[in-house]
Number of protein chains: 2
Amino acid sequence: MSAATRARRLDEASSITVFEKGGYTSYANCGIPYALGGIIEDDAALILHTPKDFKDRFNIDVQVNKEVISIDRESHLVHVRMVGTEEIHQVPYDKLILSQGAEAFRPPIDGVELDHVVTLQTIPDLQAIRAHLSDRGVLSVCIIGGGFIGLEAAENLSNLGLEVTMIEQLSHVLPPIDANIAEVVHAELRRNGVKLFLSATAKKIDRSRVVLTDGTEVPAELVILVAGVRARSALAKRAGLEIGRTGVKVDSHMQTSDPDIYAIGDVAETEHRIAGHPMVVTLAGPANRQGRLAADHIFGKTVQYRGNVGTAVCRVFDLTVAIVGLSVATLHRMGHDPLWITVHTPDHANYYPGACPITLKVAFERDTGRLLGAEAVGMAGVDKRIDVLATAMQAGMTVFDLEHLELSYAPPYGSAKDPVNMAGFVGGNVLRGDCRIVHAEDLNVDELDRLQVVDVRSPKEFSRGHIPLAINVPVDSLRDRISVLDRARRVVVYCQVGYRGYLAYRILEQEGFDVVNLDGGFKSVLDGAFKELHKAETTV
Amino acid sequence: MSAATRARRLDEASSITVFEKGGYTSYANCGIPYALGGIIEDDAALILHTPKDFKDRFNIDVQVNKEVISIDRESHLVHVRMVGTEEIHQVPYDKLILSQGAEAFRPPIDGVELDHVVTLQTIPDLQAIRAHLSDRGVLSVCIIGGGFIGLEAAENLSNLGLEVTMIEQLSHVLPPIDANIAEVVHAELRRNGVKLFLSATAKKIDRSRVVLTDGTEVPAELVILVAGVRARSALAKRAGLEIGRTGVKVDSHMQTSDPDIYAIGDVAETEHRIAGHPMVVTLAGPANRQGRLAADHIFGKTVQYRGNVGTAVCRVFDLTVAIVGLSVATLHRMGHDPLWITVHTPDHANYYPGACPITLKVAFERDTGRLLGAEAVGMAGVDKRIDVLATAMQAGMTVFDLEHLELSYAPPYGSAKDPVNMAGFVGGNVLRGDCRIVHAEDLNVDELDRLQVVDVRSPKEFSRGHIPLAINVPVDSLRDRISVLDRARRVVVYCQVGYRGYLAYRILEQEGFDVVNLDGGFKSVLDGAFKELHKAETTV
């Protein structure tokens, strides 16, 4: 509808027709989990515009319950079938825009066809789930898939008082995000009573449960499939249009291999600016802009689509988790060798009530400092920092540039050194060689005895838990007690979040020690659930 | 202290001494209004570090109650006086950093020296005000100055149950912001019982009141002077260092005209990147970074200060108001001829509960679209949008770039078309010539009869108030009723916030009309208090 309305704004004279296979158009499918949970009280709020609205305001002919079943490219015709009938008619076009979106993937699980196994994508899906909940007195729900929609569903179903289980095939939820950030989300899910099965695959679904491949039985009177989506590219394929790895191929004007046919939104694959190759990005913002640009190009404007950076945010109970660009794991998988740093910085000035830490992880190129990805999780201010970093990334900024960013500060909103600045300071220090760091995932517990692990926190903090074999030398006494350290062995310093560790690093490094600082400090160990590195916590 | 601690991190061997004239160092003066109002419950929270902390952690010698009274540049000595004594000693330096800040300006008002006339800058100021409030049973407070601190003071004193009056010499509060945005702040102040005197000057202060030049008497048992600050550049001046228009002159390494002396923070003037000339920027973020960079330069690092864009935010009761770059009025005053647009867009998806409109005004270069300034006001999400725009501005982005920005969206956080994108779409339309706009301030009510003013909202909206002489042709019926308009006369269309007006513009423009759309719609008229343009509201 973005394309259609932009087209009308640009040209009053054209005939613009929209075919929609379903019964609704222009509804807010991002709101569906919240309508399910009752946060959005009236489903009508989801329906942004009706076909009549489009006729009255835009002179656009929206035909619902009409499916385009084939495209005759040579004659410039589409064949349209009235849903539920065999009635087919032909409609001519000069320019055609494909915008069918993506459909929920239904994994090949025994029982997946049962009628209590539902998807959560459309208003009819929402109505179907409601009917199950009320008519059948459902108490237990199993969500298959731990992506964004799955997490929103978990929160909303849990808020309805249901017993919620989530099954994720991978070792952590939110596959685009790194495992250590996802661990914070796992903790929040568990804290709210969601049962989580990770690295788990559903083998069989029956009326009352889901059985996993390892034999575990999960009670489930309703099963929600949110295991990803697939571009609806069959029509384009049948028409002979070029199809990519994940969706219909388009150029920067959203033109397919046929210059009179455009594809936009979840059906099309567009350049991921960091990955450097095309992929379907199933996000509303990019889809809207693509629609606008397709209309622009049809009516002679030359604005080009710039590709995606994958900016995404999700609320999970009291947490917000967000990402832009690529995670470190994804970068590694793609053959990159990035640097990355972690800061745990309050969302606003610590001295002002209500400050909550944000864990912010920023990855960048080893040579240039160019930003490659950022992930954040926390209770407040997460979306702001990811939007700032998304803007920085789209501007081609480096981690050095983050040091200089002048962001708004008053006590309720931020700090004189914003979390984004802090990421810049830490990243800049690493890139300039002023601090060498080690990541918790790279600390092998079996090799700790070959290192000197120095906990520079206070004795009280140390006594509450620390890394195995660590000795406690608080940073404030490090200058006086430096003789307790062995200059011949590498030192790993750490504190709670990384700052005091960095101070200790600077002292030791200038004293000639071979030293590294633990990125993000002990909090990164705890949050990331690096269990081997904090088993001492219970034994001290 | 930013400079001192960075210096220590870079160099363990140097002797680092800090002289502070007052009794406290490293305290959060941005928090002082909130400590006054009791939101920050314990003043101790404001004191981030004590001299002992600096000694223990950084081996920095912080000497409080010591004033540097002169600099002997030739001998590389400072003369230091113990406050309250005549005891003076000499201290040698290799490198000297001036960081005295700025002091509250005391306007030459009769009675300004009375002891119930106080400033609000330091912990002793805070203690003095508290003593007045408790010992003297103060009920009425007059705040002289409507800048950021004045507004924070108004909110906090009002929350204490005091009768608060604010006097501002200019025609609106927050001088860096445009009048029409400041009007929204005025309404919020009045809604919360703050009495506001604009374009008003205090002539005389006595024990119980402030008398304005027009004879108005304002009850005031306590008077708070927050009428701006002046750089404490006297010491630098006496030492023969170059002084600029507003503070000590420095280069991009924060070096003064003497390469062994640096100046940072509110005492120094640095390049304003949009204004293109140096000025003192009294903000904590820039001051912190300047300190860091001065230390960097002293210890051989070559990072340069990039200048300021003036990103600032302020809470005023339930509102947030923020700015980056320059306001339209300031741009005009400086001889710029910018374009600007206004959007009123919800902070998050309208269909999700709690959405509040943000008024966002973005100014850009007429030829290139380069961003020059952005101002925003609203109940939520204001700081996020200004930080995104601050990042975009620092990256040298144009208004076209805002169309493309991929920002995070989930229903609780934003919209598929973020307010920043909307500003880009509207600004891009204006720059590309797809829409011509007129601003409320440029609509002369006496000339409306030469135009056709067309209100394209619903009859119900129209009946609640409209622009004088406007006729009502709802956009949905405009195509059918186009014949009611006179093709020979210019048409001004408007709706509530600008979008339907834009649709009407596109219809009329393609029909050959000479048409302009009212920027920001009728909401801009109402919010900006353009009284002549909505006097009909009460007469219809």
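Parameters and conventions
- Every chain is numbered on its own, with residues counted from 1 as its sequence reads.
- Numbering of ligands from 1 and lettering of chains from A proceed in the order in which they are written.
- Totals for whole chains, interfaces and linings use all residues, but because this is a predicted model, local features are given only for residues with pLDDT of at least 70 and pairs of side-chain atoms are given and counted only at 80 or more.
- Hydrogens and water molecules were not included; the side-chain quantities draw on all heavy atoms of the structure.
- Here a strand is any run of E in DSSP of at least two residues, a helix any run of H or I of at least four, and the numbering for each starts at the N terminus.
- The globule rule used here is 2.2 Å times the number of residues to the 0.38 power, and the radius of gyration it is set against is calculated over C-alpha atoms.
- Buried, partly exposed and exposed residues are distinguished by accessible area as a fraction of the type maximum, computed with a 1.4 Å probe on protein chains only: under 20%, between the cut-offs, and over 50%, respectively.
- The contact criterion used throughout is that any non-hydrogen atoms of two residues lie within 4.5 Å.
- Reported accessibility uses the Shrake-Rupley method at a 1.4 Å probe radius. Residues are deemed covered only where the shown protein chains occlude them.
- In this count, Lys and Arg are taken as positive residues and Asp and Glu as negative ones, while His and the chain termini are left out.
- Every charge is mapped onto a representative atom, which is NZ of Lys, CZ of Arg, CG of Asp or CD of Glu.
- Here the aromatic set is Phe, Tyr and Trp, taking the six-membered ring for Trp, and pairing holds for ring centres within 6.5 Å; pairs whose planes are under 30 degrees apart are stacked, those over 60 apart are edge-to-face, and all others are tilted.
- Whether a charge sits over a ring depends on NZ of Lys or CZ of Arg being within 6 Å of the ring centre and within 35 degrees of the ring normal.
- The least-squares superposition of copies is restricted to C-alpha atoms, and to residues with a pLDDT of at least 70 in both copies.
- Residue ranges assigned to the domains are those given by an automatic or database domain assignment.
- Put simply, buried area is the surface a 1.4 Å probe can reach on two separate parts but cannot reach once they are joined, added for both.
- Here, strands pair whenever DSSP counts at least two bridges between them.
- Predictor confidence is given residue by residue as pLDDT, running from a minimum of 0 to a maximum of 100.

Enquirer: Give a detailed account of the overall build of chain A, specifying residues and quantitative values.
Expert: The number of helices and strands found in chain A is 17 helices and 30 strands. The globule rule puts the C-alpha radius of gyration for 540 residues at 24 Å, and the 27 Å found for chain A is close to it. By its C-alpha atoms, chain A is 90 × 55 × 40 Å across when sized along the principal axes. The buried share among the 540 residues of chain A stands at 58%. Within chain A, contacts between residues at least 6 apart in sequence are counted, and of these 61% link residues at least 24 apart. Working note: accessible area of chain A is about 20,700 Å², and carbon and sulfur atoms make up 50% of it. Side-chain charges of chain A comprise 56 positive and 70 negative groups, with the mean position of each set lying 1 Å from the other.

Enquirer: Report on the packing of aromatic side chains, specifying residues and quantitative values.
Expert: Residue and element names in this part refer to chain A. With the rule as written, the count across this model stands at eight aromatic pairs over all chains. A centroid spacing of 6.3 Å and a plane angle of 75° characterise the contact between Tyr 24 and Tyr 27, whose relative ring orientation is edge-to-face. When the ring of Phe 54 is compared with that of Phe 58, the centres are 6.1 Å apart and the planes differ by 35°; the resulting orientation is tilted. A residue pair is termed a helical-turn pair when its members lie 3 or 4 positions apart in one helix, as Phe 54 and Phe 58 do in helix H3 (residues 51-58) at four residues. A relative accessible area of 6% places Phe 58 in the buried class. If you follow Arg 230 out to its NZ or CZ, it ends over the ring of Phe 105, 3.9 Å from the centre.

Enquirer: Describe in detail the relation of the copies chain A and chain B, supporting the description with residues and values.
Expert: The operation relating chain A to chain B is a screw motion whose rotation component is 180°, with 0.0 Å of axial translation and a residual RMSD of 0.0 Å. Taken together, the rotation and translation describe the operation of a two-fold axis. The residues that chain A uses at the interface reappear at the interface of chain B in 100% of cases, marking a shared surface.

Enquirer: An account of the domain arrangement of chain A is requested, with residue identities and associated values reported.
Expert: Residue and element names in this part refer to chain A. We note that the domain assignment places domain 1 (2-103 + 230-298), domain 2 (117-227), domain 3 (318-431) and domain 4 (437-539) within chain A. Counting residues at the interface gives five residues for domain 1, matched by nine residues for domain 3. When domain 1 packs against domain 3, close to 500 Å² is buried across both sides, 63% of that on carbon and sulfur atoms. Sorting the residues of domain 1 by area buried against domain 3 places Arg 273, Ile 274 and Ala 275 first, and these three jointly supply 84% of that buried surface.

Enquirer: Can you break down the sheet that holds strand S30 (residues 515-518) of chain B residue by residue, with the values?
Expert: With respect to topology, five strands assemble into an open sheet ordered S26-S30-S29-S27-S28 (chain B), the strand pairing being parallel. Two strands bound the open sheet, and with one partner strand each, they are strand S26 (437-438) and strand S28 (471-472) of chain B.

Enquirer: An account of the confidence of the model for chain A is requested, with residue identities and associated values reported.
Expert: Residues and elements named next belong to chain A. Summarising the model, chain A shows a mean pLDDT of 96, and 99% of its residues fall at 70 or more. In this model residues 536-540 is a low-confidence stretch, pLDDT under 50, and it forms eight contacts with partners more than four residues away in sequence or in other chains. Scored as a whole, the predicted complex attains pTM 0.97, and scored at its interfaces, ipTM 0.97.

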